[in-house]
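As a plain string of letters, each chain reads:
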Amino acid sequence: QVQVVESGGGLVQAGGSLRLSCTVSGFTINNYRVGWFREAPGKEREFVAGVEWSDAYTYYGDSVKGRFTISRDNAKNLVVLQMNSLKPEDTAVYYCAATSGVGHIKSKVGYNYWGHGTLVTVSS
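Conventions used here
Residues numbered from 1 in each chain as written. Predicted model: local features only at pLDDT ≥ 70, side-chain atom pairs only at ≥ 80, totals over all residues. Heavy atoms only, no water. Helix = DSSP H or I, 4+ residues; strand = E, 2+ residues; numbered from the N terminus. Rg over C-alpha atoms; globule rule 2.2 N^0.38 Å. Buried < 20%, exposed > 50% of the residue type's maximum accessible area, 1.4 Å probe, protein only. Areas by Shrake-Rupley, 256 points an atom, 1.4 Å probe, with all protein chains shown as cover. Disulfide = S-S within 2.5 Å. Pairing = 2+ DSSP bridges. Axes fitted to C-alpha atoms, helices over the stretch in contact; angles between N-to-C directions.

Caption draft 1: Region of interest: the overall build of the protein chain. Tallying secondary structure elements over the protein chain gives 0 helices and 11 strands in all. Secondary structure of the protein chain in N-to-C order comes out as β-β-β-β-β-β-β-β-β-β-β. Relative to the globule expectation of 14 Å for 124 residues, the C-alpha radius of gyration of the protein chain, 13 Å, shows essentially globular dimensions. Principal-axis analysis of the C-alpha atoms places the extent of the protein chain at approximately 40 × 30 × 25 Å. A burial count over the protein chain gives 43% of its 124 residues as buried. About 6,300 Å² of surface is accessible on the protein chain, with carbon and sulfur atoms providing 49% of the total.

Written as structure tokens, this is what we have:
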């Protein structure tokens, strides 16, 4: 059974940090590119960060560059999103997704598997 599970969300004050984890089962993450997306109330789901098959190549949304870091540990079937210097506008449900395709990693279209999300709330 294929599962993508996010964890690590919670409530944090502005300027604080959170570490989100994405663990997968039912498939080998080595063969997948992984992205983090977020969806705030009333807004479209947007790209946050992505990592290619090897973490030599990473991508970030403009609003999180310099503050968030994505990394992967294929041996553990794990992808981590380290979020620093959090702002109230980072408040959203964060989703992890995996794709075996070669499309644009920043596009939510084409991702094979999605988690159910984890809520991040940043207070001012």
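Caption draft 2: Examining the state of the cysteines more closely. In this structure the tally under the stated criterion is 1 disulfide. Two residues share a disulfide in this structure: cysteine 22 and cysteine 96, whose sulfurs sit 2.0 Å from each other. Given an S-S torsion of about -75°, the disulfide between cysteine 22 and cysteine 96 has left-handed geometry. A residue pair is termed long-range when its members are at least 10 positions apart, and cysteine 22 in strand E3 (residues 18-25) and cysteine 96 in strand E9 (residues 92-99) qualify at 74 residues. Both residues of the pair, cysteine 22 and cysteine 96, belong to the buried class.

Caption draft 3: Seen up close, the environment of glycine 66. Tracing the backbone shows glycine 66 in the loop between strand E6 (58-60) and strand E7 (68-73). Taking the C-alpha atoms as reference, glycine 66 lies 26 Å from isoleucine 29; in sequence the two are 37 residues apart.

Caption draft 4: Geometry of the pairing of strand E1 (residues 3-7). Here E1 shows a clear split, with Val4 and Glu6 buried on one side and none of Gln3, Val5 and Ser7 buried on the other. Of the strand pairs in this sheet, E1 and E3 are connected by 5 bridges, and their pairing is antiparallel. Bridge assignment links valine 5 to a residue of E3, and that residue is threonine 23.

Caption draft 5: Examining the sheet that holds E7 more closely. The antiparallel open sheet is built from 4 strands, whose spatial order is E1-E3-E8-E7. Because the sheet does not close on itself, it has two edges, and the strands there are E1 and E7. Taken over all neighbouring pairs, the strand axes of this sheet differ in orientation by 15° on average, direction set aside. Sheet topology places E7 next to strand E8 (residues 78-83); 6 bridges connect them, and they run antiparallel. Bridge pairing in E8 places serine 71 opposite valine 80.

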